[in-house]
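Listed here are the chains, written in short residue letters.
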Amino acid sequence: MTTTVYVPRDSAALSVGAEAVAEAIVAGARAGGHDVQVVRNGSRGMLWLEPLVEVATANGRIAYGPVAPGDVEGLFAAGFLRGGDHALCHGPTDKIPYFAQQTRLTFARVGVTDPLSLEHYRAHGGLVGLQRAITMAPAAIVDEVVQSGLRGRGGAGFPAGIKWRTVLGASADQKYIACNADEGDSGTFSDRMVMEGDPYLLLEGMAIAGLAVGATEGWIYLRSEYPDARVALVTAIQRARAAGWLGDDVLGSGRQFDVQLRIGAGSYICGEETAMLESLEGKRGMVRPKPPLPALAGLWGKPTVVNNVMTLAAAPWILQHGGAAYAAHGVGRSKGTLPFQLAGNVKHGGLVEVPFGITLRELLHDFGGGTASGRKIRAVQVGGPLGAYLPASRFDLPLDYEPFAAAGGMIGHGGIVVFDDTVDMAKMARYAMEFCAIESCGKCTPCRIGSTRGKEVIDRIVAGERREANVALLQDLCTTMKDTSLCAMGGLTPLPVLSALEHFPEDFAR
Amino acid sequence: MYSNKVQDFGTPARPAAKSVALQIDGQPVTVPAGTSVLRAAALAGVNIPKLCATDSLEAFGSCRLCLVEVEGRRGFPASCTTHCEPGMKVRTQSRKLADLRRGVMELYISDHPLDCLTCPANGNCELQDMAGVTGLREVRYGYAGENHLAAPKDESNPYFTFDPTKCIVCSRCVRACDEIQGTFALTVQGRGFGSTIAAGPTNFLDSECVSCGACVQACPTSTLMEKSIVDQGQPDHAVDTTCAYCGVGCAFRAEMKGSEVVRMVPHKDGKANHGHSCIKGRFAWGYATHPDRVNTPMIRSKITDPWREVSWDEAIAYAASEIKRIQARYGKDSVGGITSSRCTNEETYLVQKLVRAGFGNNNVDTCARVCHSPTGYGLKTTLGESAGTQDFDSVEHTDCMIVIGANPTDGHPVFASRMKQRLRAGATLIVIDPRRIDLVRTPHVAADFHLPLKPGTNVAVLNAMAHVIVTEGLAREGYVRERCEVDQYEKWKTFIASPKNSPEALEAECGVPAASLRGAARLFAKAGNGAIYYGLGVTEHSQGSTTVMAIANLAMVTGNIGRPGVGVNPLRGQNNVQGSCDMGSFPHELPGYRHVGDAGVRELFATTWGVPIQDEPGLRIPNMFDAAIDGSFKGLYVQGEDIAQSDPDTKHVQKALESLECLIVQDIFLCETAKYAHVLLPGSSFLEKDGTFTNAERRISRVRKVMPPLAGMADWEVTVALSRALGYPMHYDHPSQVMDEIALLTPTFTGVSYDKIDRLGSIQWPCNDAAPDGTPVMHEQEFVRGKGRFVVTEYVATPERTTRKFPLILTTGRILSQYNVGAQTRRTENKVWHDADVLEIHPHDAEQRGITHGEMVSLQSRKGETTLRAVVTERMQPGVVYTTFHHPESGVNVVTTENSDWATNCPEYKVTAVQVVAHAKKSEWQRGFDSFASQQEGLLPKTAVRGDVR
């Protein structure tokens, strides 16, 4: 009987040797005369266990990890093909607490299936949402999404259904779905994991959006730093077209929707939705003023749904199970789940999809297991490089958009970067300005010049030069940047700077 | 930038039917829907600080100075990118806004040199103004931080400098290049703090930049600055006037210090150019004070005699005595005059009046003879008026444009930019031209069809297109039956529908695939508004007049005359071609295109002028040459025209000029024609006199004197003096009185006066009781002639055929940086771009002849030969070569032939059978030219002017 062994093809797993592990397993099977089929799945998101090898057994999938090629011989010897015990064995994957405690809606298939297999996708509940959408009027699809309470997962948290409704209501000869896959925030990887681990999910979500608003073309703007996601998407698009999931006759419905893939050129600002549209149009990636809203005048001036990968990837589940089912998760106005990403100095880094409302402490300790260094957590940055640095005193905050923002934080794309007590927060503040100086599109003055001046002022503060006056200047500069910048890049850069200054003033006065 | 005395509303006007009422600083304001808050405030007299916004460009929102507070909204929206909404309450000033604006200014100045007092923009700098307005008192960041103050200056362009140390990266230059000019030569490179403006990989001169000046105009600081301002400082006053280059007729402000021009700036309110310009009008005005200017009258009895400098009185008296002597000896008709399309309407009117009333004959012609005479004939015959049907703004409403025999990006660059704006906005384009002109493919513009016809087959192409329209049922029968002569239409329809006019029958002749002809015809016929723009590639053919009529047929059959967005639009070559024709410069027509055979018209003029008018047409220019050679024509007064260089078959022209007993040349330079002259009367440039020019859209605009005539007299005064000396005194104190006389005598001008032009800015004729403010679009209710007339346009091949000896076809034209005979532009820095005429040849033809790029080749026709440098380019089609005629020593017209339009004698410059031979030295004619030029230079007074192109 053939035994199925899963070795992830996710680039996080590849980066720690999954390819060699897969080869070693194939070689070991051949040498031992074992009938083994190796499936290259996505990642389960428990990154400290990667490469996480799973074996399908009568008792479910048994996890082994992190597996080095040198461990493979021992695994065979331990009978891992039958789920045999071994030092690296974690028992059934589903039962690993980190995994078991999650609510995997969007990530339900990621790590479970062969990402590029049309059959796996269908067999694990894929396309049900799209098939239902085909039977619905556009406004009804939009209503379902409105009812779900789904909010934009790219950072701004704007209600997706409302955006879709605006695009549906706009009359134009052409509309577009533009998927923002320029996942540039530090410590984030959920978009990548879906694109590598379940790419059809994104395509299905885009098709649903297309049907909902009357768009026949979808564009994915993928960052160039994701070559594996690129390969996955290119293949998935080809196969989906060949299977009739995309194209002129989506699933035989007579409806048209196709997807194009475009690769960015290594610019953080192109993840800002209007700069992304400029870049998609082949122009220099510069931020456009709003209004006009992209929903009314987006790609090539046409009404466009611009959504992040996570937003679009939530749509199939919502259409499959209903908006109400989705809205049953979460708290307050933050409905559904968010795939949080634990990174930085954390023991158990990885992807944690849970409903909104969980606290930072739960994420950092119950899931993350504290720091990797074993030292005390001193600060975390939530929401990417433009997010606030929060001290331990804020760790009991629930991750819920409004209360979190009220406390000076930003959930953003759900990235959480952990620092232990050796961190120099003045350096981190300076880094925020430096990041802005490097990545600013250069269009608006406060961002273009202010970020460089910010760096210089922090240097003077740290050097003890007229500290009080320079702190006041830094605060004035942050106000100027916050209130006058054209987009969130310049507007939010003060957040990490001022939060560092507020919570860790001692680091600026050493 | 504009003088800071010119108000800038921040964002462009948004003409809209609906209006919006809001409050700005408590003040009620009503503006058209779509207007920005910034503009609305400016209209209400509230000046919100701004730097990246200017009313010639779409809002950009980068400087963050124009922030405002809007009641009920979060944050501080930029007023430039925020549209007015009903009931909106806007606050433009508050403590908080002041702090934010000062904070932004503080950042700007932290990366800006503190050299205001020695900066060329001092006193006219928006950054300086904003520092003042925002109350910036200190830059707390200091000046030791990272900055751009060591960036090197780019001085490669001869007219302006690019000083990146002054740059605030507002992108106004980039946007001006994109939105206004449409060249897309500039970009922002790098990002973040490293963002800088770049013109290609090296510098401005080596970039795609066409030096239109739009970027310099848009720059709010001295980053892009005219070298003339760098050298001379800011102007102290400005005078509104009109460009003296091409037929677009751009309105300019001559910015002055005393009587010295320091800068020419396109006028924002100019209705032809809306604030845009090209390299010629914007920068190439230095010729006006070039040392080559002729400033003293000179006479001599033979052209081999030395010139003698004399007083105005002596020169005028001598000229008059010679005319009288010749007329006494050879008869009244032995003399004539040539008017200039480079001179004003008033001057042209006076020259033809001098000929008709002073000389007593109709021997007057104009340079339009050699350019747009077929337009006059063709449009008068079909539509009833010798003029284009539209204004330039009409293009905004065009859905499909045909550009035939015109190269607007070179010849009419400012209008070409308008066309490109419309094309980028979605209009379709059909280019009919033997060459792949720039419009065929230019950034963000691509022709839907390029029909690369063989030179000389315009009529075949237009007939084939009309055939498709008629036979495929695409004709607008309803329009035609209501607006045109039906019997004539039926006749034409039968003709055009005949199989001999089908694309399939004509494709071999014209060299355009039948499928392209059909596709283009369908595209044009089915477009909502179709407009046809054409140039000298239409008129300068043996069938020039036929082509013009074929164009009119095509426009009528598709219902494309009589409303905005459509029409037949001749692009006039020189500034006042339309005007010189309007003013009665042709030998058969009195002002207003009225035939001299009409007794009533003659009577009107005879009464006003107090002399009888001859009832027979006089000599055309080529007739004058022939008559000079056969001995019956002896005296000629040429004002502002260089027939020795511009007319075809140079050797024939030279022989004619040598045959004259008295050639009076009035010119600002010792031009080629002047080398054959006996009397040289110094001319005055457009900066030195008052008058009017009429552009290609019939727009009469004022030319205003900004400096006294260098030689003491304006051209109109010279003609008046000559007339007086001839015994026919004219009584004018000012050109406005000449215009009053024109208005009195010309039905299409009765409403025109200088006062009204001053009031309206400019006037498009007809301007009379029926149209007191002028006529932007003609033939709206009915055609001027009543019913439009279809004319059967049988295609007749030119007699100029290629042979074994002359297997290639030469066609001629011009380029962006030079103008016509080049007398003006060659005396400017424009020579940096084009210092010699070159011969463009297809690689295949070059290969066959062993010609390599850049080598000197001999260009030979049955008329003569000359030597030029070869440029091997795929812009050409095989079998066709191309050159320009901007440099006299090129001798291009030595090669062109005597063939001309059957109706008007307009020369066939565009088709000459030639051979091209590799490895050539100067031709015999060129050697003769050199020695004649040096002989003539030797005859000049030692202290006087220098010769042409030495």
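Quick caveat, the model's predicted, so the values are computed rather than measured.

**Here we look at the domain arrangement of chain B**
Domain boundaries in chain B define domain 1 (19-93), domain 2 (298-371 + 577-760), domain 3 (373-570) and domain 4 (808-938). Spacing between the C-alpha centres of domain 1 of chain B and domain 2 of chain B amounts to 55 Å.

**Things to note about the environment of K166 of chain B**
Along the polypeptide, K166 of chain B turns up in the loop between strand 5 (160-162) and helix 4 (172-181). Non-local contacts of K166 of chain B, meaning those with residues more than four positions away in its chain, are made with H112, P113, D115, C119, P120, T221, S222 and T223 of chain B.

**A look at the sheet that holds strand 20 (residues 449-451) of chain B**
Residues and elements named next belong to chain B. Strand order across the open sheet formed by 5 strands is 20-17-16-21-22, with parallel pairing between neighbours. Strand pairing shows two members of the sheet lacking a second neighbour, strand 20 and strand 22 (567-570), which therefore form its edges. The sheet shows a mean angle of 15° between the axes of neighbouring strands, direction not considered. In this structure, strand 16 (residues 400-404) lies alongside strand 21 (residues 530-534), joined through 5 bridges in parallel fashion. Bridge pairing links I404 to Y534 in strand 21. Strands in contact with helix 13 (residues 458-471) are strand 16, strand 17 (428-432) and strand 20; relative to strand 16, the strand with the most contacts, it is inclined by about 155°.

**Notes on the packing of aromatic side chains**
Applying the stated criterion across every chain, the model contains 32 aromatic pairs over all chains. Arranged with centres 5.0 Å apart and planes meeting at 10°, the rings of Y159 of chain B and F283 of chain B form a pair that is stacked. On the criterion of sequence distance, the pair formed by Y159 of chain B in the loop between helix 3 (126-134) and strand 5 and F283 of chain B in helix 7 (residues 279-283) is long-range, its members being 124 residues apart. Taking relative accessible area as the criterion, F283 of chain B reaches 6% and is therefore assigned buried. Following the ring pairs from residue to residue traces out a cluster consisting of Y159, F160, F162, F204, F283 and W833 of chain B. R223 of chain A extends its terminal NZ or CZ atom over the ring of Y226 of chain A, reaching a point 5.1 Å from the ring centre.

**Observations regarding the packing of helix 8 (residues 160-169) of chain A against helix 10 (residues 199-213) of chain A**
Residue and element names in this part refer to chain A. Following both chains from N to C, one finds helix 8 and helix 10 inclined at 50°, their axes separated by 8 Å at the closest point. The angle between helix 8 and helix 10 falls in the class oblique. The segment helix 8 lies against helix 10, with W164, V167 and L168 engaging I208, A209, A212 and V213. Among the residues making up the contact of helix 8 with helix 10, the classes are represented as 7 nonpolar, no polar and no charged.

**As for the packing of helix 21 (residues 599-609) of chain B against helix 26 (residues 735-745) of chain B**
All names here are of chain B. For the pair helix 21 and helix 26, interaxial distance at closest approach is 11 Å and the crossing angle is 145°. Judged by the sense of rotation from one axis to the other, the crossing of helix 21 with helix 26 is right-handed. For the pair helix 21 and helix 26, the contacting residues are L604, F605, T608 and W609 in the first and E741, L744 and L745 in the second. When the residues that make up the contact of helix 21 with helix 26 are grouped by side-chain class, the tally is 5 nonpolar, 1 polar and 1 charged.

**Overview of helix 2 (residues 18-32) of chain A**
Residue and element names in this part refer to chain A. Its 15 residues place the ends of helix 2 21 Å apart at the C-alpha level, agreeing with the 21 Å of an ideal helix rising 1.5 Å per residue. Here helix 2 has its buried residues at A18, V21, A22, A24, I25 and A29. With its buried residues spanning 160° around the axis, helix 2 presents them on a single face. Those residues of helix 2 that are exposed and angled more than 90 degrees off the buried face are E23, R30 and A31. In this structure, the buried residues of helix 2 make contact with strand 1 (3-6), helix 1 (11-14), strand 2 (36-39), strand 3 (53-57) and helix 3 (72-77).

**What to know about the pairing of strand 31 (residues 808-813) of chain B**
Residue and element names in this part refer to chain B. Counting buried residues in strand 31 gives 6 out of 6 residues, a clear majority hidden from the surface. One ladder, built from 3 bridges, connects strand 31 with strand 36 (residues 912-917); its direction is antiparallel. In the strand pairing of strand 36, L808 is matched with V914. Two elements, strand 31 and strand 35 (residues 880-884), share 5 bridges in a ladder whose sense is parallel. Within strand 35, the position partnered with G813 by the bridge is T884.

**Here we look at the pattern of salt bridges**
All told, the structure shown has 81 salt bridges over all chains when counted by the stated rule. Note that R241 of chain A and D258 of chain A form a salt bridge whose closest N and O atoms lie 2.9 Å from each other. Of this pair, R241 of chain A sits in helix 11 (residues 227-242) while D258 of chain A sits in strand 8 (residues 258-263), and the two are 17 residues apart along the sequence. The partner of R862 of chain B in a salt bridge is E898 of chain B, and the shortest N-O contact between them spans 3.3 Å.

Conventions we followed
- Residues numbered from 1 in each chain as written.
- Chains lettered and ligands numbered in written order.
- Predicted model: local features only at pLDDT ≥ 70, side-chain atom pairs only at ≥ 80, totals over all residues.
- Heavy atoms only, no water.
- Domains from an automatic or database assignment.
- Helix = DSSP H or I, 4+ residues; strand = E, 2+ residues; numbered from the N terminus.
- Contact = heavy atoms within 4.5 Å.
- Pairing = 2+ DSSP bridges.
- Axes fitted to C-alpha atoms, helices over the stretch in contact; angles between N-to-C directions.
- Phe/Tyr/Trp six-rings, centres within 6.5 Å; stacked < 30°, edge-to-face > 60°.
- Buried < 20%, exposed > 50% of the residue type's maximum accessible area, 1.4 Å probe, protein only.
- Lys NZ or Arg CZ within 6 Å of the ring centre and 35° of its normal.
- Parallel < 35°, antiparallel > 145°, perpendicular 65-115°, else oblique.
- Nonpolar A, V, L, I, M, F, W, Y, C, P; charged D, E, K, R; others polar.
- Left-handed = near helix turned anticlockwise from the far one by under 90°.
- Expected span 1.5 Å × (residues − 1).
- Arc of directions from axis to C-beta.
- Salt bridge = Lys/Arg side-chain N within 4 Å of Asp/Glu carboxyl O.

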